[in-house]
Amino acid sequence: MSTVNSKTTTELEYSRPLDVHRWSDHPEVNQFVNKIWNEYLENHFKTSGGVGKRPKSSFKNQFKVLLLDLYIAWKQDPELLVSISRSKSAYKAGSRYNALHISYKIVEVIDYLEAVGLIHQRLGSELSQRVTRIWPTTKLISLFETARFSIFEIVSHQDKEVIVLNVTTTEEINDDQQTQRRPKKKKSKPVEYDDEDYGPIQQMRCDLQAYNKLLHNTFVDIGSLDSPNVTYEYWDKRKQKNVVKKVPIGHQNKFVRRVFYRGDWNLGGRFHGGFWQQISEDWRSQILINDHPTVEQDFSGLHINLAYGLKQQRPPDDDPYLLDLMFDVDPKIQRNGLKD
């Protein structure tokens with residue numbers, strides 16, 4: 001594993017956010033966590049635990065979440081980094097999106113793990129528009145290699161919220177040259193809500209929790225892969241360049257949520273999560289469920305036909321994306337543009 005000073009920009013970009021709901025009650029997992037906690041952290045947090053406001057979740061539980069998530073990232077791909085925010089506003093212990101009450105105290109745990117040589121940390125900055133990245137040192141990797149439990153024993157906590165209400169905000173930055181504030185970028189983030197705000201919420205949550213339980217008990221894989229990830233290149237509008245992305249394929253990338261947009265229960269409600277939503281049609285055709293091949297139904301012009309149905313009109317018999325040529329381009333290019 002490369003050192004903290006040798007990570008390239010590309011390597012730093014290959015990351016995913018910390019999963020604050022990583023959990024396990026399996027005895028061997030707890031034994032593994034306890035061993036590292038007792039050897040490296042217990043004495044320090046015994047003395048510092050009484051200083052300041054006590055977190056809703058103990059330092060040990062916060063360490064457990066962090067350790068298990070680092071372990072899963074390493075098992076998925078040794079080069080995959082975990083991104084974390086060092087902003088206090090990112091940790092709301094009473095939020096419905098933070099069932100384990102992970103607080104800003106986790107930053108103290110992260111800094112101490114770095115101090116004792118168990119993790120590397122590259123601090124983020126506003127200039128780089130990148131939050132902090134962490135990854136295990138060779139010392140921690142050697143401990144990971146002694147683990148005697150399956151990744152199937154590590155799960156998303158049962159109280160992890162599956163119904164998400166999002167709003168879109170525009171972040172701004174100060175322009176010292178013009179003494180003005182100018183738009184930086186748009187960002188979607190979840191907001192709090194009450195179940196009573198929208199009648200179907202509880203039933204939707206129950207249905208989706210049952211679906212995630214089914215996914216957890218089902219082996220979904222792409223058996224033809226040489227490594228447990230799919231790599232592809234796409235155009236990043238914000239960076240204005242082609243970016244290579246790796247999608248982890250396997251058990252730990254199957255959790256599905258239902259997201260409503262713009263703070264409105266009448267907008268969205270789409271399902272997001274499973275790795276099959278993040279890969280191309282060619283790769284999806286190779287998915288195995290419990291080692292059995294699968295077939296993906298392709299409903300041509302589905303959304304256009306739904307729109308016609310809502311207006312109680314008959315949809316066109318031909319391909320709805322084939323219109324008279326409007327631009328001086330290949331008809332196939334125009335069709336793809338219309339679909340997008």
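All of the points below concern the structure found in this document.

Criteria and thresholds
Residues numbered from 1 in each chain as written. Predicted model: local features only at pLDDT ≥ 70, side-chain atom pairs only at ≥ 80, totals over all residues. Heavy atoms only, no water. Phe/Tyr/Trp six-rings, centres within 6.5 Å; stacked < 30°, edge-to-face > 60°. Helix = DSSP H or I, 4+ residues; strand = E, 2+ residues; numbered from the N terminus. Lys NZ or Arg CZ within 6 Å of the ring centre and 35° of its normal. Buried < 20%, exposed > 50% of the residue type's maximum accessible area, 1.4 Å probe, protein only. Pairing = 2+ DSSP bridges. Polar contact = N/O pair within 3.5 Å; in protein donor to acceptor, adjacent residues only side chain to side chain. Contact = heavy atoms within 4.5 Å. Expected span 1.5 Å × (residues − 1). Arc of directions from axis to C-beta. Core = buried A, V, L, I, M, F, W, Y, C linked by side-chain atoms within 4.5 Å.

**Re the packing of aromatic side chains**
Counted by the stated rule, this structure contains 18 aromatic pairs. The interplanar angle of 70° and the centroid separation of 5.5 Å between the aromatic rings of Phe32 and Phe149 together place this pair among those described as edge-to-face. Taken together, the residues span a long stretch of sequence, with Phe32 in helix H2 (residues 27-48) and Phe149 in the loop between helix H5 (138-144) and strand E6 (155-156) at a distance of 117 residues. In textbook terms, an aromatic cluster arises when at least three aromatic residues are bridged by ring pairs, as seen for Phe32, Tyr71, Trp74, Phe144 and Phe149. One residue, Lys160, lies across the ring of Phe255, its end atom 4.3 Å from the ring centre.

**Section: unusual backbone geometry**
The phi dihedral of Asp291 falls on the positive side, at around 70°, and the residue is not glycine. One can find Asp291 in the loop between strand E14 (287-289) and strand E15 (292-293). Looking at Asp291, the relative accessible area reads 57%, which means it is exposed. With phi around 55°, Gln312 is a residue other than glycine that occupies positive phi space.

**With respect to the pairing of strand E11 (residues 241-248)**
When a strand is regular, its side chains alternate between the sheet's two faces. Sheet analysis places strand E10 (residues 229-236) next to E11, joined by 8 bridges and oriented antiparallel. In the strand pairing of E11, Glu233 is matched with Val244.

**Brief notes about the side chain of Arg205**
Inspection of the secondary structure assignment puts Arg205 in helix H6 (residues 201-216). A distance of 2.9 Å separates polar atoms of two side chains, one belonging to Arg205 and the other to Glu161. In this structure Arg205 touches Arg96, Glu161, Val162, Ile163, Tyr193 and Asp195, once residues within four positions along its chain are discounted.

**Comments concerning H6**
With 16 residues, H6 ought to run about 22 Å at 1.5 Å a step, and its terminal C-alpha atoms sit 22 Å apart, in line with that. Inspection of H6 places Ile201, Met204, Arg205, Leu208, Asn212 and Leu215 among the buried residues, and these make up the whole buried set. Buried residues of H6, viewed axially, fall in a sector of 95°; they line one side. Turned more than 90 degrees from where H6 packs its buried face, Lys213 and Leu214 sit exposed.

**A closer look at the nonpolar core**
Ile36, Phe63, Leu66 and Leu140 are the most contacted members of the largest nonpolar core, which totals 45 residues. Breaking this core down by element, the ones donating at least two residues are H2, helix H3 (59-76), strand E3 (81-84), helix H4 (105-115) and H5. A total of 11 residues in this core trace back to one element, the largest contributor, which is H3. Setting aside chain neighbours within four positions, we find Phe63 in contact with Val33, Ile36, Trp37, Leu41, Val109 and Leu113. Core analysis: the next-biggest nonpolar cluster, separate from the first, contains 24 residues, Leu165, Val230, Val256 and Trp276 among them.

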